[in-house]
Each structure stands twice: as structure tokens, then as C-alpha cells.
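Geometric and topological summary
For reference, the chains in residue letters:
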Amino acid sequence: MANIKKGDLVQVISGRRQDKGGDRGKQGKVLEVLVEQNRVIVEGVNYATKHTRVGQTQRGTKTGGIETIEAPIHISNVALVDPETKKPTRVGHRVEEQVKDGVKRTVRVRYAKKSGKDL
């Protein structure tokens, strides 16, 4: 089971400080997890400028030009945010038994190590 999933709130824990123009300390939602590359794309973090060819649609509006997009960041440089304290935390896993419609099943649950809350 992965520690970080799509939709999780994470914080950047390494890199340049914000007052020096970096992203360390910024929080954002995970938009995409690139498993093979061990990278994540975080909303509002690690912006890169991308130049695309300028064209026109059939209605006459211009498309393309210089766009800013979120670039991938290595998964080791982000940490999950604790829902209770809003600070970065490590992730733990525990096995719980749930009874649903008379059927007993075991489920692995992620939890924040600092507060013990389920994620």
C-alpha cells in the first residue's frame, strides 16, 4: 500500500525556502502519482513554464503561448499533512477487521503517526 495517494494533502519538506524563491513549506493537494518515476504532481508547487505553439481555433481564439504547469517532484521531498495538527507527519498502516452485511473482512488503514488519526 502506498504512503501517498491522489487527493492527499502534502507539504514540501526539502528544497529552497519560500523567502529565497523555493517551495519548501508549501502545502497542496496531490493531482497525480507517477509510480514508476517515484514522483508526484502537487497543486500549486514546482511551477515550470512551457512554451507551446501558438495557433487558432475555428472560432478565431488564440491557443498556446507560454503556460505555467506543475512539474513532478520526487516523492521523498513531500510528507503527508496530519489532519489534526496541519503539520507534516509520517504514515503508518494497521490492520482492522470490519463487519459489513454479516461478512468479516480485514482492511489495511493508513493513519498519521503524530496524532493517530485515520487518513
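Residues numbered from 1 in each chain as written. Predicted model: local features only at pLDDT ≥ 70, side-chain atom pairs only at ≥ 80, totals over all residues. Heavy atoms only, no water.

Looking at an unreviewed UniProt entry, one finds the protein named Large ribosomal subunit protein uL24, with Microbacterium pseudoresistens as its source organism.

A few words now on the UniProt feature "domain: Large ribosomal subunit protein uL24 C-terminal" (unreviewed entry) in the protein. According to UniProt, the positions carrying the feature "domain: Large ribosomal subunit protein uL24 C-terminal" (unreviewed entry) are residues 45-118. Helix makes up 0% of residues 45-118 and strand 64%, and the two end C-alpha atoms of the span are 25 Å apart. (UniProt positions renumbered as here; feature names shortened; annotations may be inferred. Helix = DSSP H or I, 4+ residues; strand = E, 2+ residues; numbered from the N terminus.)

This next bit is on the packing of aromatic side chains. Counting across every chain of the model gives zero aromatic pairs. Lying over the aromatic face of Tyr111, Arg94 brings its terminal NZ or CZ to 4.7 Å of the ring centre. (Phe/Tyr/Trp six-rings, centres within 6.5 Å; stacked < 30°, edge-to-face > 60°. Lys NZ or Arg CZ within 6 Å of the ring centre and 35° of its normal.)

With that settled, the discussion passes to unusual backbone geometry. The phi torsion at Asn38 lies on the positive side, around 55°, for a residue other than glycine. The residue Asn38 is located in the loop between β2 (27-34) and β3 (39-42) in this model. Positioned with a positive phi, Asn46 is a non-glycine residue whose angle comes to about 60°. Examined against the element boundaries, Asn46 turns out to sit in the loop between β3 and β4 (47-56). Judged by relative accessible area, Asn46 falls into the partly exposed class, the value being 26%. (Buried < 20%, exposed > 50% of the residue type's maximum accessible area, 1.4 Å probe, protein only.)

Read across the open sheet, the six strands follow the order β6-β3-β2-β1-β7-β8; overall the sheet is antiparallel. The open sheet has two free edges, formed respectively by β6 (73-74) and β8 (88-89), since each of these has just one partner strand. Looking at chain direction, strand β1 (residues 9-12) and strand β7 (residues 78-81) are connected through three bridges and run antiparallel. Directly across from Val12, in β7, lies its bridge partner Val78. (Pairing = 2+ DSSP bridges.)

Scanning all chains against the criterion turns up seven salt bridges. The salt bridge partner of Asp19 is Arg17, with a shortest N-O separation of 3.1 Å. For Asp19, a relative accessible area of 61% translates into the label exposed. Several salt bridges converge on common partners, so that one network encompasses Arg94, Glu96 and Asp118. (Salt bridge = Lys/Arg side-chain N within 4 Å of Asp/Glu carboxyl O.)

Attention shifts here to the domain arrangement of the protein. Domain boundaries in the protein define domain 1 (1-81) and domain 2 (83-118). Taking only C-alpha atoms into account, the centre of domain 1 sits 27 Å from that of domain 2. Of the residues lining the interface, 12 residues belong to domain 1; the matching set on domain 2 comes to nine residues. Buried surface at the junction of domain 1 and domain 2, summed over both partners, amounts to about 920 Å²; 56% is from carbon and sulfur atoms. Between the two partners, domain 1 and domain 2, sit one salt bridge. The partner of Asp8 in a salt bridge is Arg110, with the nearest N and O atoms 2.9 Å apart. Here domain 1 and domain 2 share five residue pairs in polar contact (both at pLDDT 80 or more) between them. For the side of domain 1 that touches domain 2, the leading source of residues is β7, giving three residues. Among the residues making up the side of domain 1 that touches domain 2, the classes are represented as seven nonpolar, three polar and two charged. (Domains from an automatic or database assignment. Contact = heavy atoms within 4.5 Å. Buried area = accessible area lost by both parts, 1.4 Å probe. Polar contact = N/O pair within 3.5 Å; in protein donor to acceptor, adjacent residues only side chain to side chain. Nonpolar A, V, L, I, M, F, W, Y, C, P; charged D, E, K, R; others polar.)

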